[in-house]
Amino acid sequence: MGRTPGATAASTCQRLLRAAADVFARRGYEGTRVAEIAEAAGLSNGALYAYFGSKAELLVDALRAHGQRMLADLASADPTRSISDLLLQTGRSLHLQREPDDQLVIEALIAARRDEEVAAPMRAYVRERADWLAGLVQDAQERGELDPGIAPSAVAHFCLSLAAGTALVSPDLNDVDDEEWAALLARLLAALGPTHPTEEMGTAE
């Protein structure tokens, strides 16, 4: 099985990434064989390797193509929306049951701890996400929405860690009331807001 007649290289690549995301989500990284992904995409192993050099590359590229992008989508849809609103709406969804594609990042993070072939591209992927988040935070600081004294990289790391942690502690393991979760997030976001030092009431005699 090779490329489907009439299919472009780009469409074949996307078909492989879609198949990889489905199989990885269902069977996990270690439980997946490259042949299963090729079969799910309707291609031969040889055709698959014409596009991707390894199973690790397929995993990280499938994550890039199909991993959760709720925050990025919200920010793109309304660039004028405050970062607090963006983070709150995204955060409220974190404790809900995830879609299969949302589990790709967990599979990739676990695999990266055991396999350097996965760890190398995952470091690049996580750095991309962290840099994007830090840029979002820095823009909000320049607009006066967030405390300029907080390191954007630290906020980005916290957001990434929260997303990964809540994916691991799924509702079937431990659930939380939606309003209570939203109230906690609102309190945390308020703490990131700009500070307003108390004006001096007078000077010492």
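The residue count restarts for each chain, going from 1 along the sequence in the order it is written. Local features in this predicted model are restricted to residues of pLDDT 70 or higher, and side-chain atom pairs are both shown and tallied only at a pLDDT of 80 or more, whereas totals for entire chains, interfaces and linings draw on every residue. To obtain the side-chain values, all non-hydrogen atoms of the structure were used and water was disregarded.

Caption draft 1: Molecular detail of the nonpolar core. For our purposes a nonpolar core is just a set of buried Ala, Val, Leu, Ile, Met, Phe, Trp, Tyr and Cys residues, chained together by side-chain atoms within 4.5 Å. Each residue is assigned to one of three classes by its accessible area relative to the maximum for its type, calculated with a 1.4 Å probe on protein chains only: buried under 20%, partly exposed between the two thresholds, exposed over 50%. Counting residues in hydrophobic clusters, the biggest one holds 30 residues, and the most contacted among them are Phe24, Ile37, Leu58, Val118 and Met122. Numbering of helices and strands runs from the N terminus; a helix is a DSSP stretch of H or I covering at least four residues, while a strand is a stretch of E covering at least two. At the level of secondary structure, the elements contributing two or more residues to this core comprise α1 (9-27), α2 (34-41), α3 (45-49), α4 (55-66), α7 (104-114) and α8 (116-142). The greatest single-element share of this core, amounting to seven residues, is contributed by α1. Leu133, Leu136, Val155 and Leu189 belong to the second largest nonpolar core, which has 15 residues in total.

Caption draft 2: Region of interest: a nonpolar patch on the surface. Each patch is assembled from residues with relative accessible area greater than 30% and no salt bridge, linking like charges that lie within 9 Å and nonpolar side chains (Val, Leu, Ile, Met, Phe, Trp, Tyr) that lie within 5 Å. To measure how exposed things are, a 1.4 Å probe is used in the Shrake-Rupley method; for residues, cover is taken only from the protein chains shown. Here a salt bridge means any side-chain nitrogen of Lys or Arg lying within 4 Å of a carboxyl oxygen belonging to Asp or Glu. Side chains of Ile110, Leu168, Val169 and Leu173 sit close together on the surface and give an oily, nonpolar patch of about 370 Å² of accessible area. With respect to the helices and strands, isoleucine 110 occurs in helix α7.

Caption draft 3: Helix α5 (residues 70-77), seen in detail. For α5, every residue scored as buried is listed here: Leu71, Leu74 and Ala75. The buried residues of α5 occupy an angular sector of 95° when the element is viewed end-on, so they sit on one face. Exposed positions of α5 whose direction lies more than 90 degrees from the buried face are Asp73, Ser76 and Ala77. The secondary structure elements touched by the buried residues of α5 are α6 (83-93) and α8. Picture the helix axis, draw a direction to every C-beta atom, and the arc is the one those directions span. Only heavy atoms matter for contacts: two residues are in contact if any of them lie within 4.5 Å across the pair.

Caption draft 4: Structural context of the side chain of threonine 166. With respect to the helices, strands and loops of the structure, threonine 166 is situated in helix α9 (residues 152-168). The class of threonine 166 is buried, set by a relative accessible area of 12%. A distance of 2.8 Å separates the side chain of threonine 166 from the backbone oxygen of leucine 162, its partner in a polar contact. In protein, a polar contact requires one atom able to donate a hydrogen and another able to accept it; more generally it is a pair of N or O atoms within 3.5 Å, and residues adjacent in sequence count only if both atoms are side-chain atoms.

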